[in-house]
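Secondary and tertiary structure notes
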Amino acid sequence: MTGWAVPAAEGRAWDCVALGEVMLRLDPGEDRVRSARAFNVWEGGGEYNVARGLSRTFRRPTAVLTALPRNELGVLTESLIASARVDVRHVLWREWDGIGRNTRMGLNFTERGFGVRAPLGVSDRANSAASALTPEDFDWDALFGSGGARWLHTGGIFAALSESTARTAVAAVKAARRHGVPVSYDLNHRASLWNSHPDPSAAREVNRCIIAEADLLFGDDHGLRACLGLTDDWAGRRGWPTDPAPPARAATLAFDMFPNLKGVAYTLRDPRSASANSWQGVFHDRIDRHVSVLRSDLEILDRVGGGDAFASGVIHALLNGEDGRRAAELGAAHGALAMTTPGDNANVGEDEVEALVRGDKAAARR
């Protein structure tokens, strides 16, 4: 299946805009958070990482729709975003009260893990500037009209931050569909975020509303089951971590439930240790299922952001008018490379992604 109905690039400001929270990631490197004396600082966020991957690796014009506190941490974050060539013109600034009671910078302390020690994330994000975004904060017609974006990406992490971000995500996807702009949505289910909502049915209701407007869904059987409140036997239980049958059934059922969906994509991963994973990308359209080459013993330096890099590779292929097989291969290769470098994002070039897709070996290049 090729030829997704994507607006032509001519006259458009961005190939993709991402709606979501951008956090500062504090990385203790080979140490642990509990014993670290120094941290490397990166910017990151489930939705933003996709725009960054499209910009840095695939050289596409992108923008982020978010909010930052007007303090030194906000300025640092804006500088990091801009250094990735992601447009910051639609970053909103919130006045800071001096102690972070009303608005603050979201922080994410992340350990990479090693061997039998699993990766660990400790988020400190309550009352972040982005969590207070509302639908009225953006001019959706300007963002998705004739001079705006060709693609919108958002995700379940942003939607789960607060009642107002859920409404903002819904408004964004509806506006994009109204203007004929494709929407991708990454379920990225975080139970800890949804469980804080006063309405226990919020996750199910919000996700159904957003997926109904989406063209491309990033999510497997686990994510769909959790986000839609479905029973355990809905798509069957996996017999092993990379069992392909339940996620394939889930994709088919998602197409039945949501008529606007054109594609469902996800990764199959078996984390035998923090440092060695089995890894494969899958892309379904309404006719076929496409799988990437299986990397059965992928060595991992930093697994955080691998799924976001997969998503940006898939979107890049679809923006190019390429088929589902290429989307799966580009996404899986980009995700694999992202996990070879520290930070949430791939520090690679498109030529390296294409080399991995071709099966080139990792011999030294001089």
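For the structure, check the block above.
Below is a summary of the structure that appears in this document. (Residues numbered from 1 in each chain as written. Predicted model: local features only at pLDDT ≥ 70, side-chain atom pairs only at ≥ 80, totals over all residues. Heavy atoms only, no water.)

In this section: the nonpolar core. For soluble globular proteins, nonpolar side chains are generally found buried alongside one another. Counting 57 residues, the largest nonpolar core has Trp140, Phe144, Leu152 and Leu261 as the members making the most contacts within it. Ranked by the residues each element gives to this core, the list is headed by helix α5 (residues 163–178), at 7 residues. Apart from the residues within four sequence positions on either side, Leu261 is in contact with Ile211, Ala214, Asp215, Leu216, Leu217, Ala254, Phe255 and Arg286. Counting 34 residues, the second largest nonpolar core, distinct from the first, contains Leu54, Phe310, Ala317 and Ala327. (Core = buried A, V, L, I, M, F, W, Y, C linked by side-chain atoms within 4.5 Å. Buried < 20%, exposed > 50% of the residue type's maximum accessible area, 1.4 Å probe, protein only. Helix = DSSP H or I, 4+ residues; strand = E, 2+ residues; numbered from the N terminus. Contact = heavy atoms within 4.5 Å.)

The next thing to look at is the sheet that holds strand β8 (residues 120–124). Where strands meet in a sheet, backbone hydrogen bonds hold them as pairs that are either parallel or antiparallel. Taken in spatial order, the 4 strands make up an open sheet running β3-β2-β7-β8, and their pairing is mixed. Two strands bound the open sheet, and with one partner strand each, they are β3 (40–44) and β8. Averaged over all pairs of adjacent strands, the angle between strand axes in this sheet comes to 25°, irrespective of strand direction. The pairing of strand β7 (residues 107–111) with β8 spans 5 bridges and is antiparallel. Bridged to Phe109 within β8 is Val122. Those strands touched by helix α2 (residues 72–83) are β2 (23–27) and β3, and its axis lies near 70° from that of β3. (Pairing = 2+ DSSP bridges. Axes fitted to C-alpha atoms, helices over the stretch in contact; angles between N-to-C directions.)

Below, the discussion takes up the layout of surface pockets. There is about 1200 Å³ of room inside the largest pocket. Taken together, 45 residues line the largest pocket, and the ones lying closest to its centre are Asn188, Arg190, Arg303, Gly307 and Asp308. Secondary-structure elements contributing two or more residues to the lining of the largest pocket are β2, β7, β8, α6 (191–194), α8 (221–228), β12 (263–273) and α10 (306–319). By volume, the second largest pocket amounts to about 550 Å³. Lining of the second largest pocket is provided by 15 residues; of these, Leu337, Leu356, Asp360, Lys361 and Ala362 occupy positions nearest its centre. Elements with a minimum of two residues in the lining of the second largest pocket: β15 (295–299), α11 (324–338) and α12 (350–358). Take the lining of the second largest pocket: its biggest share by element is 3 residues, from α12. Each residue belonging to the lining of the second largest pocket can be placed in one class, and the counts come to 8 nonpolar, 2 polar and 5 charged. (1 Å grid on protein atoms, 1.4 Å probe; cavity = no way out; pocket = protein on both sides within 12 Å on 5 of 7 lines; lining within 4 Å. Points joined across faces, edges and corners; volume = space filled by probe spheres on them. Nonpolar A, V, L, I, M, F, W, Y, C, P; charged D, E, K, R; others polar.)

A word on the environment of Gly45. Mapped onto the elements of the fold, Gly45 is located in the loop between β3 and α1 (48–56). In the structure, Gly45 is positioned 300 residues away from Asn345 in sequence and 9.7 Å away in space, judged by C-alpha atoms. Apart from the residues within four sequence positions on either side, Gly45 is in contact with Glu21, Asp308 and Asp344.

So, to be careful, I would describe these as geometric facts and stop short of saying anything about function.
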